[in-house]
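Residue strings, one per chain:
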Amino acid sequence: MTATVTFAVESPGGPRTASVTYERRGRGEPLLLLHGIGHHWQAWEPVLSALAAERDVIAVDLPGFGASPSLPDGVSYDLESVVPVLGALCRELGVDRPHVAGNSLGGLLALEMGRKGLARSVTALSPAGFWTQAERRYAFGTLRGMRVAAKAMPLPLIERLSRSEAGRTVLTSTIYAKPGRRTPEAVVAETLALRGATGFEPTLATGLSVQFRDDVRDVPVTVAWGTKDRLLVRRQGVRAKGIIPGARLVRLPGCGHVPMNDDPAAVARVILDTSR
């Protein structure tokens, strides 16, 4: 069930109103899913059925991405502001300390939710924040290039490219190791989501100073990295393990930066194992 919820959030200028679109499926302990920059909740579609068989799954469009409007005036896109927004979202949905799984930007947010005591377990898939400055510049430059290309292409060209495996490779090979597995409809939708993401630039701007340096204690944590991640290279997973020594570090063979598409069974298993 896709729905939109509106709730109050704090800002330096007083209470503001935020809205978030989300997809909710399944029954069981709650599991919050957070996508990466420029994406939308549908990034999780390949694993939703497997997860919903055991969990009450809530896949959100982060504020300023997908169908969710931008954060209200006065609320920043930095970790210190977005994580409380996610906490307020959970309270509005009647969810107490969900399991949280996130990819890329979503993985960084998931780890911060764990550090702040807002999650009962954390699965971070290729999380942001464990880069060197050179690696961050490369990743941000690549993301900006993808955004420029998505905004420059007319819709008929995007649709035409999406109809062939070669075209889907052109559009999505930066984030998928197996772009041919994505359906034409999914590729068109996520290209348009990247093009229309109002939160893209402010998120990148706040990311210039992001470096995850703190341990995440008292909750199970898994950090998983695709062996074919071309955006955030897998050696960053070793750094993450050094910063979060209690975390389980998992390799995802043959997976790219957004592994849910490349190996849905492996990703679902990692998330469910962590949440158990």
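These numbers come from a predicted model, not from an experiment. (Residues numbered from 1 in each chain as written. Predicted model: local features only at pLDDT ≥ 70, side-chain atom pairs only at ≥ 80, totals over all residues. Heavy atoms only, no water.)

## Considering the overall build of the chain
Counting its secondary structure elements, the chain contains 11 helices and 8 strands. Against the 2.2 N^0.38 benchmark of 19 Å for 276 residues, the chain shows a C-alpha radius of gyration of 17 Å, consistent with a compact globule. Along the three orthogonal principal directions, the C-alpha set of the chain runs to about 45 × 40 × 40 Å. Looking at the chain as a whole, 57% of its 276 residues are labelled buried. Intrachain contacts of the chain at a sequence separation of at least 6 include 71% that bridge at least 24 residues. Computed over 34 positive and 26 negative side-chain charges, the separation of the two mean positions in the chain equals 6 Å. (Helix = DSSP H or I, 4+ residues; strand = E, 2+ residues; numbered from the N terminus. Rg over C-alpha atoms; globule rule 2.2 N^0.38 Å. Buried < 20%, exposed > 50% of the residue type's maximum accessible area, 1.4 Å probe, protein only. Contact = heavy atoms within 4.5 Å. Lys, Arg positive; Asp, Glu negative; His and termini not counted. Charge placed at Lys NZ, Arg CZ, Asp CG, Glu CD.)

## Observations regarding the pattern of salt bridges
Overall, the coordinates contain 12 salt bridges when judged by the stated rule. As a salt-bridge pair, D214 and R115 come within 3.7 Å of each other at their nearest N and O atoms. Here D214 is found in the loop between α8 (200-207) and β7 (221-226), whereas its partner R115 is found in helix α3 (residues 105-115), with 99 residues between them in sequence. Across the pair E135 and R239 runs a salt bridge whose closest N-O atoms are separated by 2.7 Å. Taken together, the positions of E135 in helix α4 (residues 133-152) and R239 in helix α9 (residues 235-243) put the pair 104 residues apart, joining distant regions of the chain. Among the charged side chains, a salt-bridge network with shared partners connects E23, R25 and E45. (Salt bridge = Lys/Arg side-chain N within 4 Å of Asp/Glu carboxyl O.)

## Some remarks on unusual backbone geometry
A positive phi angle is found at S126, which is not glycine, with a value near 45°. Looking at the element boundaries, S126 is found in the loop between β6 (121-125) and α4. For D218, which is not glycine, the phi torsion reads 75° and is therefore positive. Secondary-structure assignment places D218 in the loop between α8 and β7.

## Some details on the sheet that holds strand β2 (residues 16-25)
Spatial ordering of the open sheet is given by β1-β2-β4-β3-β5-β6-β7-β8, a layout of 8 strands whose pairing is mixed. Two strands close off the open sheet at either side, each with one partner strand: β1 (2-9) and β8 (248-252). This sheet shows a mean twist of 25° between the axes of neighbouring strands, independent of strand direction. Summarising the sheet, strand β3 (residues 29-34) and strand β4 (residues 55-60) pair through 6 bridges and their orientation is parallel. Note on β4: the bridge partner recorded for L31 is V57. (Pairing = 2+ DSSP bridges. Axes fitted to C-alpha atoms, helices over the stretch in contact; angles between N-to-C directions.)

## Remarks on the environment of F7
Summarising the element assignment, F7 is placed in strand β1. Of the residues examined, F7 reaches a relative accessible area of 4% and is grouped as buried. Through-space distance from the C-alpha of F7 to that of L62 is 14 Å; in sequence the pair is 55 residues apart. What F7 contacts, discounting residues up to four positions off in sequence, is R16, T17, A18, V20, V85, A88, L89 and E92.

## Looking at the pairing of β7
Of all 6 residues in β7, 6 are buried; the element is thus mostly enclosed. Of the two faces of β7, both are covered, the one formed by V221, V223 and W225 as well as the one formed by T222, A224 and G226. For β6 and β7, the ladder comprises 4 bridges, and the chain directions are parallel. Counterpart to A124 in the pairing with β7 is V223. Note: β7 against β8, 5 bridges, orientation parallel.

## Side note on the environment of E23
When you line up the elements, E23 lands in strand β2. For E23, a relative accessible area of 7% gives the class buried. Considered as a pair, E23 and T2 are 21 residues apart in the sequence and their alpha carbons are 4.3 Å apart. Not counting residues within four places of it along the chain, the set of residues in contact with E23 comprises M1, T2, W41, L48, V57, I58 and A59.

## Here we look at the packing of α4 against α8
Close contact between α4 and α8 brings their axes to 12 Å; oriented N to C, the two are set at 170°. Accordingly, the angle class assigned to the pair α4 and α8 is roughly antiparallel. Together, R136, F140, L143, R144 and R147 of α4 and F200, E201, L204 and G207 of α8 make up the contact between the two elements. Residues belonging to the contact of α4 with α8 are distributed by class as follows: 4 nonpolar, 1 polar and 4 charged. (Parallel < 35°, antiparallel > 145°, perpendicular 65-115°, else oblique. Nonpolar A, V, L, I, M, F, W, Y, C, P; charged D, E, K, R; others polar.)

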